[in-house]
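Overview (structure and organization)
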Amino acid sequence: MDGHGSTKLRAAAVEASASASGSRVPDDALVEMLELLPAKSLHRFKCVSKAWCALLTDPLHRHRFAQTLAGFLCSDAGFCKCCRRADRRISITRRRRFVNVSRMAAPLVDATFPFLPPRLQGFRDVILDARDGLILLARFRGHGGDSPGLHPPPACYLVCNPATARWASVPPPPSSSSYQQMLSRTYLLFDAAGDSPHAFHLLRFRLDDLDAVRAVHTYSSAAGVWTDRAAAWRDGGWSDWGGVAMAPIQPCTGAAVANGFLHLAVDTDGTCASAPNNNLVAVDEEGNTRRTIPLPRREVAEKDWHSVFVAKSQGRLHYLMCVRPPHGWLSEEHPLKLLVWVLEDYDAGEWVLKHTVGFPELFDGRVACQFRVDYSVVAVHPDGNWVFFVRHWDRKLVAYDMDRREVIVVADLGELGDELPTPYVPLYTECAALTNKQ
């Protein structure tokens, strides 16, 4: 019997025993017991009975319970009429919808974010990052960069909590003329279960044409100001990340917060003889590199087919990588494979191979697919063994169940534009840093 069935039977037995003895566990006592359980168990308990589901979803109590993945914020894009690049149309996000994966009937969030301040004509809000229930958006005029997450200097940033309809506006950092035209990647550093659940930080990396970092700015919601970290970065940034001349942040490769640090995958291939593979770097709220963890090695390096993704699942950092067969030649017998690694020992930097799957199982029999062209990884389930992909050729959001080795179509997507589907985990507690409310 699966875990869900056994959980339901145990809960039913508890209820039957209580009824037979003429007693009933008070709701307050039950809430105190349930708030000690992880999100995965609570999600199963919602299926025990209507009474338990109502208790777990009651607005009076739900802020006390652990939450898990509720769904994805997905964009429906249109084409920008005012600009063209290299004789091709630019696709931009026009509207946004919520794709529910929680099996709850009602939509859990209004993806249009109606509580945010109104935009001036010609301005758009684009999702850049999401962390523990908070969403980071950039508000700017026109279109963004060539890839999701890459953006020009915005008019402002917005950090919001859709579950509480609270938000904060963050002005853009001051910039010199030499950096004015550079595109940026901005990350949200927030940990709802950490030491500072009422503060958030932004880390903005300004990139050159090769995605290499040239300037770093950080923002603290507690201080309310941006700090220029460019000088400190030039003094040791590349060497701290494991490169000699450059160590680009790999686009569309995810990020994760663990131990209070933001973790990113950086590309050191060919830039350092002692570190020929990618590194996982841990960056603190001031932009300092606190840890560099070598990532699992590849036997065959092929940039056109290489892909990585970093996420946190079940309390541990996960790393997904695409690999060729050892001899490098692809065939039906030797296709590309996706490897899922888990960082079992953070202090020792010990990676353990968790799962291996061939591309034909993932992508309708295809021996090979190109990262960011044919497919993108968008999430690893925070409490389960699921990996979520976007299949670009048919515009579908799909989920791969590592336990059952099954691929399930989650939703049909329209034109993606400058946003990939963003995983959303509700946060029902108030964050003091979000001072505005509709």
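A brief report on the enclosed structure follows. Predicted model, so just to flag it, every value in this text is computed and none were measured.

Of all the positions in helix 4 (residues 50–57), only Trp52, Cys53, Leu55 and Leu56 are classed as buried. The arc that holds the buried residues of helix 4, viewed along the axis, is 160°, so those residues lie on one side. Exposed residues pointing more than 90 degrees away from the buried face of helix 4 are listed as Lys50 and Ala51.

Attention now goes to helix 2 (residues 27–34). Looking only at helix 2, the buried set comprises Leu30, Val31 and Leu34. Buried residues along helix 2 cover an arc of 100° about the axis, so they all sit on one side.

Let us now look at the sheet that holds strand 5 (residues 150–151). Judged by pairing direction, the sheet is antiparallel, and its 5 strands sit side by side in the order 5-8-9-10-11 without closing on themselves. A strand with exactly one partner marks an edge of an open sheet, and here the two such strands are strand 5 and strand 11 (225–228). The pairing of strand 9 (residues 201–207) with strand 10 (residues 213–220) spans 7 bridges and is classified as antiparallel. Bridge pairing in strand 10 links His201 to Ser220.

Here we come to the nonpolar core. If you look at the biggest cluster of nonpolar residues, it comprises 21 residues, and the most contacted ones within it are Leu320, Phe359, Tyr375 and Phe389. Of all elements in the fold, only strand 16 (308–313), strand 17 (316–323), strand 18 (337–345), helix 6 (359–362), strand 20 (375–380), strand 21 (386–391) and strand 22 (396–401) reach the threshold of two or more residues within this core. Looking at this core element by element, the count peaks at 3 residues for strand 20. Setting aside its immediate chain neighbours within four residues, Phe389 contacts Leu338, Leu362, Phe363, Tyr375, Ser376, Val377, Val378, Lys396, Leu397, Val398 and Tyr400. In this structure, Ala138, Val159, Ala168 and Tyr219 belong to the second largest nonpolar core, which totals 20 residues.

With that settled, consider the side chain of His201. Locating His201 in the fold gives a position in strand 9. Under the relative-accessibility criterion, His201 is labelled buried at 17%. Not counting residues within four places of it along the chain, the set of residues in contact with His201 comprises Tyr187, Leu188, Leu189, Tyr219, Ser220 and Glu285.

Here the structure, examined in full by the defined rule, presents 14 salt bridges. With a shortest N-O distance of 2.9 Å, Glu415 and Arg395 are connected by a salt bridge. Highlighted residues: Glu415 in the loop between strand 23 (406–412) and strand 24 (422–424) and Arg395 in the loop between strand 21 and strand 22, separated in sequence by 20 residues. The partly exposed category is assigned to Glu415, whose relative accessible area is 23%. For Arg395, a relative accessible area of 40% translates into the label partly exposed.

In terms of residue burial, strand 4 (residues 134–141) counts as a mostly covered element, since 7 of its 8 residues are buried. Looking at chain direction, strand 3 (residues 123–131) and strand 4 are connected through 8 bridges and run antiparallel. The partner of Ala130 across the bridge, within strand 4, is Ile135. Taking the residues between adjacent antiparallel strands as the criterion, strand 3 and strand 4 are bridged by 2 residues, where Asp132 takes a positive phi near 50°. Sheet topology note: the strand 4/strand 6 (residues 156–161) ladder contains 5 bridges and is antiparallel. Its bridge partner lying in strand 6, Ala138 is registered against Tyr157.

Running from N to C, helix 2 and helix 4 point in directions that differ by 70°, and their axes come no closer than 11 Å. It follows that helix 2 is roughly perpendicular to helix 4 by the angle criterion. Between helix 2, through Asp27, Leu30, Val31 and Leu34, and helix 4, the contact on the second element is made entirely by Trp52, Leu55 and Leu56. In terms of residue class, the contact of helix 2 with helix 4 is built from 6 nonpolar, no polar and 1 charged.

Before going further, it helps to spend a moment on the sheet that holds strand 21. Taking strand neighbours across the sheet as the criterion, the 4 strands line up as 20-21-22-23 in an open arrangement whose pairing is antiparallel. Single-partner strands in this sheet number two, and they are strand 20 and strand 23. Averaged over all pairs of adjacent strands, the angle between their axes in this sheet comes to 25°, without regard to strand direction. Relative to strand 21, strand 20 runs antiparallel, the two being bridged by 5 bridges. Bridge pairing links Ala379 to Phe388 in strand 21.

Okay, the packing of aromatic side chains next. Under the defined criterion, the tally for this structure stands at 15 aromatic pairs. Judged by centre distance (6.0 Å) and plane angle (45°), the ring pair of Phe113 and Phe115 falls under tilted. Taking the relative accessible area as the measure of exposure, Phe113 reaches 3% and is therefore buried. Grouped by ring-pair contacts, the aromatic residues Phe359, Phe363, Phe371, Tyr375, Phe389 and Trp393 constitute a single cluster. Just above the ring of Tyr346 sits the side chain of Arg291; from NZ or CZ to the centre is 5.2 Å. Note that Arg366 overlies the ring of Trp393, its terminal NZ or CZ placed 3.7 Å from the centroid.

The backbone phi angle of Gln314 is positive, close to 55°, even though this residue is not glycine. By the secondary structure assignment, Gln314 is in the loop between strand 16 and strand 17. If you check the backbone angles, Arg395 has positive phi at about 55° while not being a glycine.

Parameters at a glance
- Residues numbered from 1 in each chain as written.
- Predicted model: local features only at pLDDT ≥ 70, side-chain atom pairs only at ≥ 80, totals over all residues.
- Heavy atoms only, no water.
- Buried < 20%, exposed > 50% of the residue type's maximum accessible area, 1.4 Å probe, protein only.
- Helix = DSSP H or I, 4+ residues; strand = E, 2+ residues; numbered from the N terminus.
- Arc of directions from axis to C-beta.
- Pairing = 2+ DSSP bridges.
- Core = buried A, V, L, I, M, F, W, Y, C linked by side-chain atoms within 4.5 Å.
- Contact = heavy atoms within 4.5 Å.
- Salt bridge = Lys/Arg side-chain N within 4 Å of Asp/Glu carboxyl O.
- Axes fitted to C-alpha atoms, helices over the stretch in contact; angles between N-to-C directions.
- Parallel < 35°, antiparallel > 145°, perpendicular 65-115°, else oblique.
- Nonpolar A, V, L, I, M, F, W, Y, C, P; charged D, E, K, R; others polar.
- Phe/Tyr/Trp six-rings, centres within 6.5 Å; stacked < 30°, edge-to-face > 60°.
- Lys NZ or Arg CZ within 6 Å of the ring centre and 35° of its normal.

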